[in-house]
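So the chains spell out like this:
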Amino acid sequence: MRRSIIVLFMLVLSLSAGEMRARAAQPAPDWKILEEEAVALLSRYIQVNTTNPPGNEIQAAQFFKEIFDREGIEARIFESAPGRGNIYARLLGDGSKKALVLLNHMDVVPADAKLWKEPPFSGLIKEGVIWGRGALDNKGPAIMELMTFLALKRQNVRLKGDVIFLGTADEEAGGAWGAGYLVEKHPELFKDVGLVLNEGGGIRVGEDGRARVYNVSVAEKTPLWLKLTATGTPGHGSTPSNNLAVNKLVAALARVMSYQSPVRVVEEVQRYYADIAAAEPEPRRSRYRDLRRALRDAAFRAEFLKEPRNNASVRNTIAITGIRGSDKVNVIPATASAELDVRLLPGEDPKVFIEQLRKIIGDPLIKVEVLLSFPAATSPPHPEAMKVIGDFAKANDPGTPVVAPLVRGFTDCHFFREKGIPCLGFMPHRSAPSSEGLVHGVDERVSVESLRFGIRAMVEIVRKLAAD
Ligand SMILES: [Zn+2]
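Residues numbered from 1 in each chain as written. Predicted model: local features only at pLDDT ≥ 70, side-chain atom pairs only at ≥ 80, totals over all residues. Heavy atoms only, no water.

*Asks:* I tried to follow the overall build of the protein on my own but got confused; where do I start?
*Replies:* Counting its secondary structure elements, the protein contains 17 helices and 21 strands. What you see for the protein is a C-alpha radius of gyration of 24 Å, in line with the 23 Å of a compact globule of 468 residues. If one aligns the C-alpha atoms of the protein with their principal axes, the spans along those axes are about 85 × 55 × 45 Å. The 468 residues of the protein split such that 54% are buried. Counted over contacts in the protein with a minimum sequence separation of 6, partners at least 24 positions apart contribute 78%. Summed over its atoms, the accessible surface of the protein is roughly 21,400 Å², and 54% of this surface lies on carbon and sulfur atoms. (Helix = DSSP H or I, 4+ residues; strand = E, 2+ residues; numbered from the N terminus. Rg over C-alpha atoms; globule rule 2.2 N^0.38 Å. Buried < 20%, exposed > 50% of the residue type's maximum accessible area, 1.4 Å probe, protein only. Contact = heavy atoms within 4.5 Å. Areas by Shrake-Rupley, 256 points an atom, 1.4 Å probe, with all protein chains shown as cover.)

Below is the structure:
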């Protein structure tokens, strides 16, 4: 890791002004330099610990600011709260096209070092792999965007539309101090934006490295995070009364657990399964062609819903993720609480769902608080971007379908979609099923090869969108 930093410095030092100019005149970026820089930068970026909470994204914003300053690119840091930084840099076009935002989030979820094979904030580079929290979500893609941005600037690419690099805080906790803050407090930053490219989709490959599908997401399920609190008579564990907070909470949770939200195939999901059908073996192929009809068959329905991703694509889900009572084994607490991670399908009204949940709980004394909720928003269409991605797929992975899945998680996209700005979930990196469990999991890492492909793909796609 240290060696790679030294290599980076040597690269930077060895580029005289003359060489920089010579490079700027070249038609294509110097891929080798760009890619070596990218590896070293990602390693350093992973070492900036932006675990949320508390986030401390201001350090990440400064990391980017230094790079932009060195490259002569004007960049601004927006501090939404102490320590919570956002970075915004803009390359100017001639204005004949609307602006394009390359969006990424700078915070990461916590990592328990004890469970990892390599320290999660080491940014270790070993055997062609870069290790660390954020390598996939979302620091690797951020470096792909950064290198694209730098390539455009260094090549003096004549842009039609402005290109904006935006790194946000707080995405993993809902985005209130990041994209949410910027969209609300600084709408002027996005006034002429025509498209946002963000995480949420990419190129799914098999373990053999061959592309299976291009996922470009336009819709997400909506989180509804709830806290249930029961109250009762506190006391000594040796003498329980018949008014116990924990008992009431557990009874309520048992009723919540036995509830199954009805199956509903929204338009986006019906279309998605129809689009991937051709690549499936029979009899799944015919079933996926018309999922709504297929689900009327009890045997197919049971098999389909057994798979958690399928299940979450066709119904609202409730996951009980936290339970709290007393800190001491012999103390009966006055209150007991549980946290629920509810995910709603597009078109659902959170208020209606909460009313329904209250009925299921069946105990008016249990308090239901909303921790996070926002309306579902599907992206306005952007045919040009879909075509550019489709053309890229055709040229690089002929015959691979380009589809629009419903994202079961959520990203910063909704803040933009709510304002009517198209936001597509697509980062052109290749990920195999085996790497998907690494996102938010242990041993998160990305191969240098995948980063390389991502940078080249991103430069090509962004050039088409902003300069053609
Ligand atoms: Zn993410």
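*Asks:* Can you walk me through the state of the cysteines in this structure?
*Replies:* Two cysteines whose sulfur atoms are joined by a covalent bond form what is called a disulfide. Counting across every chain of the model gives one disulfide. Covalent S-S linkage joins Cys-413 and Cys-423, the inter-sulfur distance amounting to 2.1 Å. Negative torsions about the S-S bond denote left-handed disulfides, and the value of about -70 degrees found for Cys-413 with Cys-423 makes this one left-handed. Linking Cys-413 in helix H15 (residues 413–417) with Cys-423 in strand E19 (residues 423–425), this pair joins segments that are 10 residues apart in sequence. (Disulfide = S-S within 2.5 Å.)

*Asks:* Help me understand the coordination of the zinc ion, please; the structure alone is not making it clear to me.
*Replies:* A metal bound by six donors in octahedral fashion has ideal angles of 90 or 180 degrees, whereas one bound by four tetrahedral donors has an ideal angle of 109.5 degrees. Protein ligation of the zinc ion involves His-105 (NE2), Asp-137 (OD), Glu-199 (OE) and Glu-199 (OE), the donor distances falling in the range 1.9 to 2.7 Å. Around the zinc ion, the four donor atoms are arranged such that angles at the metal cover 51 to 141 degrees; this shape is classified as irregular. (Donors = N, O, S within 2.8 Å, 3.2 Å for Na, K, Ca; no water. Tetrahedral: all angles 85-135°; square planar, octahedral: opposite > 155°, others 65-115°.)

*Asks:* Where do I start with the domain arrangement of the protein in this structure?
*Replies:* When its domains are assigned, the protein resolves into domain 1 (2–220 + 376–467) and domain 2 (222–373). Just the C-alpha atoms count here: the centres of domain 1 and domain 2 sit 33 Å apart. Listed as interface residues are 19 residues of domain 1 and, on the opposing side, 16 residues of domain 2. Both faces combined, the contact of domain 1 with domain 2 buries some 1,400 Å², and carbon together with sulfur accounts for 63% of it. A per-residue breakdown of the area domain 1 buries against domain 2 is headed by Leu-406, Arg-408 and Phe-410, which together make up 41% of the total. (Domains from an automatic or database assignment. Buried area = accessible area lost by both parts, 1.4 Å probe.)

*Asks:* Even after reading the chapter, I still don't get the nonpolar core, so can you show me in this structure?
*Replies:* It is characteristic of soluble globular proteins that their nonpolar side chains tend to be buried jointly. Of all hydrophobic cores here, the largest spans 89 residues; its most connected members are Phe-64, Phe-68, Leu-146, Met-147, Leu-291 and Phe-304. For this core, the element with the most residues is helix H17 (residues 448–467), which contributes 11 residues. Here this core gathers at least three residues from each of two domains, domain 1 (2–220 + 376–467) and domain 2 (222–373). Apart from the residues within four sequence positions on either side, Phe-304 is in contact with Tyr-273, Tyr-288, Leu-291, Leu-295, Asn-310, Asn-311 and Val-314. Formed by 22 residues, the second largest nonpolar core is a distinct cluster that contains Ala-252, Val-256, Tyr-259 and Ile-354. (Core = buried A, V, L, I, M, F, W, Y, C linked by side-chain atoms within 4.5 Å.)

*Asks:* Could you clarify how one ought to interpret the packing of helix H7 (residues 245–258) against helix H13 (residues 350–361) in this entry?
*Replies:* To describe two helices that pack against each other, one gives the angle between their axes and the distance between the axes. Put simply, H7 and H13 touch, their axes get as near as 8 Å, and they point 120 degrees apart. Considering their axes alone, H7 and H13 lie oblique with respect to each other. The two elements H7 and H13 cross, and the hand of that crossing is right-handed. Two secondary-structure elements touch here, H7 through Ala-252, Arg-255 and Val-256 and H13 through Leu-357, Ile-360 and Ile-361. Residue composition of the contact of H7 with H13, by class: five nonpolar, no polar and one charged. (Axes fitted to C-alpha atoms, helices over the stretch in contact; angles between N-to-C directions. Parallel < 35°, antiparallel > 145°, perpendicular 65-115°, else oblique. Left-handed = near helix turned anticlockwise from the far one by under 90°. Nonpolar A, V, L, I, M, F, W, Y, C, P; charged D, E, K, R; others polar.)

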